[in-house]
Amino acid sequence: MIVVTGATGNVGRTLVRILAEQGHEVSAASRRVTDGDVPPGVRADLSQPSADVLSTADAVFLLVGGDLMMAGDPARVVAPFAGSGKIVLLSSQGVATRPDSLSHGQAFAAFEQVVMDSGTDWTILRPGGFASNAYAWASSIKATRTIAAPFGEVGLPVIDPGDIAAVAAATLTQPGHTNAIYELTGPMPTTPRQRAAAIGDAIGEPVTFIDQTREEAHAQMLTFMPAPVADTTLDILGTPTVREQTVSPDVQKVLGRAPATFADWAKRNAAAFR
């Protein structure tokens, strides 16, 4: 049995599908998972933990949501899974690139350390920015065929969440990944302006990019995230480190293929922007 937490998210939903298609026994865990979210027979609700689900787990994909991440008690979160055969933790590139940031480095690092000390075999995945963050532009693209964002010419190698899921599936089910840390990026840096153009190509209509100031973007971010998270996010978007702009070989190493481009992701998800 493989338990997938965060099973309704951009990574978890795809991971559940991949594992089920491969014939693995999967338990899809989320606080609000429904039968419509996942294949039949794999739904579990860990807001009311089931001893049966956890005791029969051979491996666990552990995604820690924002509320748990900032709660400051990683040992409590990890403890129920420590008896499993393996834990694959979805962490963040920020552990290496922003170690002094509470939201992007320190909090994830604390969870990594608890997983490493759990006595269970582990693999840690550290993705950079997600291609799916572009969903935040969907409403403006639908309404006015425009995107407003800061730092339009700064490139980052954002990763397709489907590739994160594929790497997670491999590390959960294949040998050779025990006690490994993989940094996951896309195949090339792309700028927000280039991503806007790629979405336009995907939907068959031009999408106009509008430059925002950092202050304008910060005010917008404060409507859905705490100020420290917004500050660090804007630092990454505007003044990324060399490592944050560098393409990692780890997706290729694990999957034997190059990661998907942002344009690939946009084409596959074009319906969200029409």
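Everything discussed here concerns the structure shown above.
On a predicted model such as this, the values are computed, not experimentally measured, just so you know.

Peer 1: I'd love a proper account of the packing of helix H10 (residues 214–221) against helix H11 (residues 227–238), names of residues and values included.
Peer 2: One can describe the packing of H10 onto H11 by two numbers: an axis separation of 10 Å at closest approach and a directional angle of 140°. Relative to H11, the element H10 is oriented oblique. Crossing of H10 over H11 shows right-handed handedness. Contacts between H10 and H11 pair Arg 214, Ala 217, His 218 and Met 221 from the former with Ala 227, Ala 230, Asp 231, Thr 233, Leu 234, Asp 235 and Leu 237 from the latter. Considered class by class, the residues forming the contact of H10 with H11 number six nonpolar, two polar and three charged.

Peer 1: Quick rundown of the pairing of strand S2 (residues 26–29)? Include the residues and the values.
Peer 2: Because side chains alternate across S2, one face comprises the buried residues Val 26 and Ala 28, and the other comprises Ser 27 and Ala 29, equally buried. As defined by bridge partners, strand S1 (residues 2–5) adjoins S2 across four bridges and the pair is classed as parallel. Within S2, the position partnered with Val 3 by the bridge is Ser 27. After leaving S1, the chain enters helix H1 (residues 12–21) and then returns to the sheet as S2, a path that is right-handed.

Peer 1: Please give an account of the side chain of Thr 146 that cites residues and values.
Peer 2: Position of Thr 146 relative to the elements: it lies in strand S7 (residues 146–150). A polar atom in the side chain of Thr 146 sits 2.5 Å from the side chain of Thr 144. With near-sequence residues (within four places) excluded, Thr 146 lies in contact with Ser 140, Ile 141, Val 207, Thr 208 and Ile 210.

Peer 1: Hey, could you go over the side chain of Thr 123 for me, with residue numbers and the actual values?
Peer 2: Tracing the chain through its elements places Thr 123 in strand S6 (residues 121–127). Looking at Thr 123, its side chain comes within polar contact range of the side chain of Lys 86, at 2.9 Å. Separated by 2.6 Å, the side chain of Thr 123 and the backbone oxygen of His 177 make a polar contact. Not counting the four nearest positions on each side in its chain, Thr 123 is found in contact with Lys 86, Ile 87, Val 88, Leu 89, Thr 171, His 177, Thr 178, Ala 180 and Tyr 182.

Peer 1: Tell me about helix H6 (residues 102–116), residues and numbers included.
Peer 2: Its 15 residues give H6 an end-to-end C-alpha distance of 20 Å, which sits within 8% of 21 Å, the value for a rise of 1.5 Å per residue. When we look at burial in H6, the residues that qualify are Ser 103, His 104, Gly 105, Ala 107, Phe 108, Phe 111, Glu 112 and Val 115.

Peer 1: Please set out the nonpolar core residue by residue, giving values where relevant.
Peer 2: A general feature of soluble globular proteins is that nonpolar side chains tend to end up buried together. Counting residues in hydrophobic clusters, the biggest one holds 29 residues, and the most contacted among them are Val 4, Leu 15, Leu 19, Phe 61, Leu 125, Leu 172 and Leu 184. If one sorts the elements of this core by residue count, helix H8 (residues 161–173) sits on top with eight residues. Residues within four places of Phe 61 in sequence aside, it is in contact with Val 3, Val 4, Thr 5, Val 11, Leu 15, Val 88, Leu 90, Ala 168 and Leu 172. Formed by 22 residues, the second largest nonpolar core is a distinct cluster that contains Val 158, Ile 199, Val 207 and Ile 236.

What counts and what doesn't
- Residues numbered from 1 in each chain as written.
- Predicted model: local features only at pLDDT ≥ 70, side-chain atom pairs only at ≥ 80, totals over all residues.
- Heavy atoms only, no water.
- Axes fitted to C-alpha atoms, helices over the stretch in contact; angles between N-to-C directions.
- Helix = DSSP H or I, 4+ residues; strand = E, 2+ residues; numbered from the N terminus.
- Parallel < 35°, antiparallel > 145°, perpendicular 65-115°, else oblique.
- Left-handed = near helix turned anticlockwise from the far one by under 90°.
- Contact = heavy atoms within 4.5 Å.
- Nonpolar A, V, L, I, M, F, W, Y, C, P; charged D, E, K, R; others polar.
- Buried < 20%, exposed > 50% of the residue type's maximum accessible area, 1.4 Å probe, protein only.
- Pairing = 2+ DSSP bridges.
- Right-handed = clockwise from strand over helix to strand, strands pointing away.
- Polar contact = N/O pair within 3.5 Å; in protein donor to acceptor, adjacent residues only side chain to side chain.
- Expected span 1.5 Å × (residues − 1).
- Core = buried A, V, L, I, M, F, W, Y, C linked by side-chain atoms within 4.5 Å.

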